[in-house]
Amino acid sequence: MLKKITLLKLILMMQSFKAGFPQIRMRRLRKIKTLRNLIAEEHVDLSSLVMPLFVREGLIGREKIDSMPGQERLSIDELVKEVSNLLEVGVKSILLFGIPSRKDDYGSSAYSRDGVVQKAIREVKKNFGDDVLVISDICLCQYTSHGHCGIVVEKNGRKIVDNDTTLEVLSKIALSHAEAGVDIVAPSDMMDGRVGVIRRSLDEEGYTDVAIMSYSVKYASSLYGPFRDAAHSSPRFGDRRSYQMDPRNIREALREVELDIVEGVDIVMVKPASWYLDVISLVKKNFKIPLAAYSVSGEYTMIKLMAEKGLVDEKQAVWEQLHSIKRAGADIIITYYAKEYARWVKDGLIS
Ligand code: PBG
Ligand code: ZN
């Protein structure tokens, strides 16, 4: 095989030498847009996009998020309107984050039957039924007074995020969302064993059809900065490095995904996306399971701020970012640009 290719190359080289110009011209297929579109290897389908939304308890109307220009916290009423706007432009999946009005050390408002996310799920499902796919984030950081993704206990005079106590709370949260009618639960806490525990409690309560999309590979990233401002979820002490992954590691990503699969996950996720394209690509190569990539708040705000300063063509930048994430191997892209991108596509402003 190798020999054949080399021989072919040689013949071609000799031919072009004889003719005095190269016969193979890569630029031929780049000449016009229709042709470029014809041979494009990747396409971003609107049905693969997921729009994250923030719903805030007690809020009336909408509230701008300073750290993420163009994004807003929503009341439940506004959330319903927003879902209708999304459906209109062709985005049919949402990822819900709740911002409660009450926090405590145990994050108990996260699993209350009348919590903000539970109410939001019910309201959205009541209005749109199966026209919209509702995914809910399962975590504690917006609900705990210390802002960590799990239950904090003191061990040998040191505060630690306790894995196994957290698991019980996570399954309570997942159950309360399932009860409200969610389609997919998405645990983002990075505790060990959470997928298995959540799967078992869902099954025991009869929610065998509620899927789990795990934040399987979640790095301890600086790119979450704008989100923590948006969701009021910054840790009050320390950082998340004892549970989220070290950005230097990639082998570990394969172990995380493998474990989630063993525990019964339905969709795996890599997060963040743009700085971790190698990870997306490796997970894609190694596992036959739907793969989501989360283009996080920092990725969004970077482009927004550059665009605001006139340093980048926003539409082109987003188009390039989304196609790169696809090219790396993501089936699903979670992005704060979902609505705007869909609108640009609908208005014929990008293709
Ligand atoms: C909470 C959570 C975070 C994000 C999603 N779920 C932040 C964090 O780990 O602090 C990040 C999303 C983003 O930056 O867009 N567990
Ligand atoms: Zn969290």
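Now for a quick tour of the structure. Because the structure is a prediction, the values reported are computed rather than measured.

The rules behind each value
Residues numbered from 1 in each chain as written. Chains lettered and ligands numbered in written order. Predicted model: local features only at pLDDT ≥ 70, side-chain atom pairs only at ≥ 80, totals over all residues. Heavy atoms only, no water. Helix = DSSP H or I, 4+ residues; strand = E, 2+ residues; numbered from the N terminus. Expected span 1.5 Å × (residues − 1). Buried < 20%, exposed > 50% of the residue type's maximum accessible area, 1.4 Å probe, protein only. Contact = heavy atoms within 4.5 Å. Donors = N, O, S within 2.8 Å, 3.2 Å for Na, K, Ca; no water. Tetrahedral: all angles 85-135°; square planar, octahedral: opposite > 155°, others 65-115°. Salt bridge = Lys/Arg side-chain N within 4 Å of Asp/Glu carboxyl O. Near = heavy atom within 4 Å. Polar contact = N/O pair within 3.5 Å; in protein donor to acceptor, adjacent residues only side chain to side chain. Nonpolar A, V, L, I, M, F, W, Y, C, P; charged D, E, K, R; others polar. Pairing = 2+ DSSP bridges. Right-handed = clockwise from strand over helix to strand, strands pointing away.

Observations concerning helix 3 (residues 76–89)
It helps to recall that an α-helix has 3.6 residues per turn; residues three or four apart then point in one direction. In this model, helix 3 (14 residues) spans 20 Å end to end at C-alpha, consistent with the 20 Å of a helix rising 1.5 Å per residue. Those residues of helix 3 not exposed but buried are I76, E78, L79, V80, E82, V83, L86, L87 and V89. Buried positions along helix 3 lie against strand 1 (49–56), strand 2 (62–64), strand 3 (72–74), strand 4 (93–99), helix 4 (116–128) and helix 12 (338–346). Remark: G90 follows helix 3 within two positions and exhibits a positive phi of approximately 105°.

Describing the coordination of the zinc ion (ligand 2)
At 2.2 to 2.3 Å from the zinc ion (ligand 2) lie its protein donor atoms, namely C139 (SG), C141 (SG) and C149 (SG). Note that the zinc ion (ligand 2) binds four donor atoms; their angles at the metal cover 98 to 122°, and the shape is tetrahedral. Sequence positions of the residues that donate to the zinc ion (ligand 2) give the spacing C-x1-C-x7-C. Placement of C139 in the loop between strand 5 (133–138) and strand 6 (151–155) and of C149 in the loop between strand 5 and strand 6 is noted, with a sequence separation of ten residues between them. Relative accessible area serves as the criterion here: at 0%, C149 is assigned to the buried category.

Quick notes on the environment of P100
Assignment of secondary structure puts P100 in the loop between strand 4 and helix 4. In the structure, P100 is positioned 234 residues away from I334 in sequence and 23 Å away in space, judged by C-alpha atoms. The residues contacting P100, other than those within four sequence positions of it, are E57, S109, V116, Q142 and Y143.

With respect to the side chain of E82
Take E82: it is sitting in helix 3. Filtering out sequence-adjacent residues up to four positions away, E82 remains in contact with L53, R62, L74 and K339.

Quick look at the side chain of H148
Mapped onto the secondary structure, H148 falls in the loop between strand 5 and strand 6. Apart from residues lying up to four places away in sequence, H148 is in contact with L140, C141, V161, P235, F237, D239, R240 and Y243.

Some points on the pattern of salt bridges
Summed over the entire model, instances satisfying the criterion amount to 21 salt bridges. For R248, the salt bridge is made with D246, and the minimal N-O distance between the two is 2.7 Å. For R248, a relative accessible area of 73% corresponds to the exposed category. Take D246: its relative accessible area is 27%, and that puts it in the partly exposed class. Across the pair K304 and E340 runs a salt bridge whose closest N-O atoms are separated by 3.1 Å. Here K304 is found in helix 10 (residues 297–308), whereas its partner E340 is found in helix 12, with 36 residues between them in sequence. On the basis of relative accessible area, K304 is assigned to the buried category, the value being 10%. Its relative accessible area of 26% is what places E340 among the partly exposed residues.

Points about the site of ligand 1
Among the 18 residues in the neighbourhood of ligand 1, the closest are listed as R228, Q244, K271, S297 and Y336. Side-chain polar atom of K218 to an oxygen atom of ligand 1: 2.8 Å apart, as the coordinates give it. Note that an oxygen atom of ligand 1 is positioned 2.6 Å from one of the side-chain N or O atoms of R228. Classifying every residue of the shell around ligand 1 gives ten nonpolar, three polar and five charged.

Quick look at the pairing of strand 6
Two elements, strand 6 and strand 7 (residues 158–162), share five bridges in a ladder whose sense is antiparallel. Among the inter-strand pairings, V152 is bridged to a residue of strand 7, identified as V161. Where strand 6 folds back onto strand 7 in an antiparallel hairpin, the turn is made up of two residues, including N156, whose phi is positive at roughly 50°.

Description of the pairing of strand 11 (residues 291–295)
Within strand 11, five of the five residues are buried, which leaves the element mostly enclosed by the surrounding structure. Pairing between strand 10 (residues 267–271) and strand 11: three bridges, direction parallel. Residue pairing for strand 11: V268 is matched across the bridge by L291. Of the crossover connections in this fold, the one passing from strand 10 over helix 9 (residues 277–286) to the parallel strand 11 is right-handed. Examined bridge by bridge, strand 11 and strand 12 (residues 332–335) share four bridges and lie parallel to one another. Opposite A292, over in strand 12, you have I332 as the bridge partner.

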